[in-house]
Amino acid sequence: MSVIKTENLTYIYGAGTPFEKTAVDNISLEIEPGQMIGVIGHTGSGKSTLIQHFNGLLKPTSGNVYIDGERLWDDKAKLRDIRFKVGLVFQYPEYQLFEETCYKDIAFGPKNMGLSDSETDIRIHEAAQMVGISEEILQKSPFELSGGQKRRVAIAGVMAMKPKVLILDEPASGLDPKGREQILTLLKDYHTNTGSTVMIVSHSMEDVARYADRIIVMNKAKLFCYEETEKVFSKVDELMSMGLSVPQITKVFTALKEKGIDIQKDVYTTPFAVKYFLSLLEGKR
Amino acid sequence: MISDITIGQYFPGRSVVHKLDPRVKIILTAVFIVMLFTAGTFYGLGVGLLFTFVTFLLSRIPLKLMGKCLKPILPIIIFTAIINVVFITSGDKVYFEWKFLKITDEGVHTAIFMAVRIICLIAGSSLLTYTTSPIALTDAIERLLSPLKKIKVPVHELAMMMTIALRFIPTLIEETDKIISAQKARGADMETGSLIKRAKALVPILVPLFVSSFRRAEDLALAMECRCYHGGDGRTRLKQLHMSIRDLFAAVYVCVFFAGVIALNIIF
């Protein structure tokens, strides 16, 4: 059964005012559990609005959202439980930290779930370990940490709720290359270790290409496609016309192909490209 | 909820009223207020009411908004009216008498008079903020208060503080929205529970909001310093305020009404 399902989901900002704007237009999606999913799209294409429907923060103007087969907004009291099931990490989550220590801040989610102190303690340590936050840092104030550390604490705060689906809006934005790498790797590890569904909204095609199994492409409030990574990046021309990019290596291969060199077109990560060339060389010998 | 408040809100437009020099508008608004309080009779007040209406029409601000700005002060209007009706017991005709309650014609007249005066006052002065952008307004205030610099009042700094405060209201509202969503996503519950519980639920919102305000303030201060901002001395403006013939007309227009009010006061 799909873990997230939307039916003709539409969301309009400021309905009935002169500033009316359709942010999400008639989207029907079914997301199978246990996958790593990338969400890409131009700024203002409705990515962030879409994901805020998945945990009931926004109420659809029309259409339905189902989580684990359960329709949202039927019973408002159940929305909180949905938010524990679908963990959402906003962009720049480090700005939501508020407690005296990182430990207490990570505890905020599990405490809201009504878990016992001992269970909370276990979860905090698990989450801290997953994001690579040491015991020593846990006892520090979040405001003493570096940007990358703060962000990892904030992500741990959501992971500690052990959501079935973890959604992150631009988790790596504003970090240096090393920080980006760390965050994305830890998310990949989290995905492999827990087997939960992870959804990452990103601007970086390289990142999405490397980590995602499937990709949701949004364009002007509409769903352009939801397909396997390789299929998505084979649509180079369409992506480019949407103002999106493809990984640089894909551009290289497309250009080579245009020059009349007979090679595979759908290459989207550098390691794969290396392997591919090596195998070509092997074949020549 | 927050967006319902219209007092102090600016509605961009290109009407004659919008185009007036903000300094002139502030002074004329002051004159208008004096005019309302000079009016001693219903006739005089009628002129004030007429002035409010005509100016509203000239500004092409929908009349609906006039109603909207009056809504929050409705309780005050009703309260003053009741006080006037009940406590003014002198007068020739008595409409109603029961124990200590005595309603007379004078009481009723005063009540209506005061209510109309307050309505004109609020509607007329709201027009100032409706038709003038906050930036233009603070600019004008700075210029009008500049004589106070002679007695060492930091006029420019005060105006700059006001401008910055106004500039950051929408930013902070947006920020608050974001933080609320983020904490809700972690299961924060702000809608149910006792008063104390709800007050406590505000902590996860207020702390990040304060922190980010300080961060923004620091960033802004740094950015201003980088551009060599050093206070008001020797500072020139991008947009110079200029009086035009239009402003003269506006002054004449207000004066005519004011003269009307005074004349009616003398006649009746």
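Note that this is a predicted model, so its numbers are computed, not measured.

1. Comments concerning the overall build of chain A
Then, in step 1: Scanning chain A for helices and strands turns up 12 helices and 10 strands.
Then, in step 2: Whereas a compact globule of 285 residues would reach a radius of gyration of roughly 19 Å, chain A reaches 20 Å, a difference of no more than 12%.
Then, in step 3: Residue burial in chain A is summarised as follows: out of 285 residues, 49% are buried.
Then, in step 4: Residue pairs at least 24 apart in sequence account for 63% of intrachain contacts in chain A once pairs closer than 6 positions are excluded.
Then, in step 5: Working note: accessible area of chain A is about 13,400 Å², and carbon and sulfur atoms make up 51% of it.
Then, in step 6: Separation of charge centres in chain A, based on 35 positive and 38 negative side chains, amounts to 3 Å.

2. Regarding the pairing of strand β1 (residues 4–13) of chain A
All names here are of chain A.
Then, in step 1: Pairing analysis gives 7 bridges linking β1 to strand β2 (residues 21–31), with the strands arranged antiparallel. Following the sheet pairing, Ile4 is matched in β2 by Ile31.
Then, in step 2: Examined bridge by bridge, β1 and strand β4 (residues 62–67) share 5 bridges and lie antiparallel to one another. The partner of Thr10 across the bridge, within β4, is Ser62.

3. As for the sheet that holds β2(A)
All names here are of chain A.
Then, in step 1: If you walk across this open sheet you meet the 4 strands as β2-β1-β4-β5, and the pairing is antiparallel. Where the open sheet ends on each side, the last strands, each with one partner, are β2 and β5 (70–71).
Then, in step 2: The strands touched by helix α1 (residues 47–54) are β1, β2 and β4; relative to β1, the strand with the most contacts, the crossing angle is about 125°.

4. Notes on the packing of helix α5 (residues 74–87) of chain B against helix α6 (residues 105–131) of chain B
All names here are of chain B.
Then, in step 1: At a minimum axis separation of 8 Å, α5 and α6 run at an interaxial angle of 160°. Between α5 and α6, the interaxial angle falls into the category roughly antiparallel. Seen from above, α5 lies across α6 with right-handed handedness. Residues Ile77, Thr80, Ala81, Asn84 and Val85 of α5 lie in contact with α6, whose contacting residues are Gly107, Val108, Thr110, Ala111, Met114, Ala115, Ile118 and Ile119.
Then, in step 2: For the contact of α5 with α6, the class distribution of residues is 9 nonpolar, 4 polar and no charged.

5. Some words on the pattern of salt bridges
All names here are of chain A.
Then, in step 1: All told, the structure shown has 18 salt bridges over all chains when counted by the stated rule.
Then, in step 2: A salt bridge links Asp207 to Arg180; the shortest N-O distance between them is 2.6 Å. Pair noted here: Asp207 is in helix α8 (residues 205–211) and Arg180 is in helix α7 (residues 177–194), with a separation of 27 residues, a long-range link.
Then, in step 3: When salt bridges that share partners are traced, they join Asp68, Lys85 and Lys164 into one network.

6. A few points about the nonpolar core
Residue and element names in this part refer to chain A.
Then, in step 1: Counting 34 residues, the largest nonpolar core has Met159, Leu166, Leu168 and Leu187 as the members making the most contacts within it.
Then, in step 2: For this core, the secondary-structure elements that each account for two or more residues are α3 (102–112), α4 (117–131), α5 (135–138), α6 (147–159), β7 (165–169), α7 and β8 (197–201).
Then, in step 3: When near neighbours in sequence (up to four residues on either side) are disregarded, Leu187 contacts Met36, Met159, Leu166, Leu168, Pro171 and Ile200.
Then, in step 4: In this structure, Val3, Ile31, Phe54 and Ile67 belong to the second largest nonpolar core, which totals 32 residues.

7. So, the interface of chain A and chain B
Then, in step 1: On the chain B side, the residues contacting the 20 residues of chain A number 15 residues.
Then, in step 2: Summed over both partners, the interface of chain A with chain B buries about 1,600 Å², with 62% contributed by carbon and sulfur atoms.
Then, in step 3: On the chain A side of the interface with chain B, the three residues burying the most area are A:Tyr95, A:Gln96 and A:Phe98, jointly 35% of the side's total.
Then, in step 4: Linking chain A with chain B are 2 salt bridges, by the criterion used here.
Then, in step 5: For the salt bridge of A:Arg80 with B:Asp189, the shortest nitrogen-to-oxygen distance reads 3.8 Å.
Then, in step 6: The tally of links from chain A across to chain B stands at 4 residue pairs in polar contact (both at pLDDT 80 or more).
Then, in step 7: Mapped onto the side of chain A that touches chain B, the elements with two or more residues apiece are α2 (79–85), α3 and α6 of chain A.

Criteria and thresholds
- Residues numbered from 1 in each chain as written.
- Chains lettered and ligands numbered in written order.
- Predicted model: local features only at pLDDT ≥ 70, side-chain atom pairs only at ≥ 80, totals over all residues.
- Heavy atoms only, no water.
- Helix = DSSP H or I, 4+ residues; strand = E, 2+ residues; numbered from the N terminus.
- Rg over C-alpha atoms; globule rule 2.2 N^0.38 Å.
- Buried < 20%, exposed > 50% of the residue type's maximum accessible area, 1.4 Å probe, protein only.
- Contact = heavy atoms within 4.5 Å.
- Areas by Shrake-Rupley, 256 points an atom, 1.4 Å probe, with all protein chains shown as cover.
- Lys, Arg positive; Asp, Glu negative; His and termini not counted.
- Charge placed at Lys NZ, Arg CZ, Asp CG, Glu CD.
- Pairing = 2+ DSSP bridges.
- Axes fitted to C-alpha atoms, helices over the stretch in contact; angles between N-to-C directions.
- Parallel < 35°, antiparallel > 145°, perpendicular 65-115°, else oblique.
- Left-handed = near helix turned anticlockwise from the far one by under 90°.
- Nonpolar A, V, L, I, M, F, W, Y, C, P; charged D, E, K, R; others polar.
- Salt bridge = Lys/Arg side-chain N within 4 Å of Asp/Glu carboxyl O.
- Core = buried A, V, L, I, M, F, W, Y, C linked by side-chain atoms within 4.5 Å.
- Buried area = accessible area lost by both parts, 1.4 Å probe.
- Polar contact = N/O pair within 3.5 Å; in protein donor to acceptor, adjacent residues only side chain to side chain.

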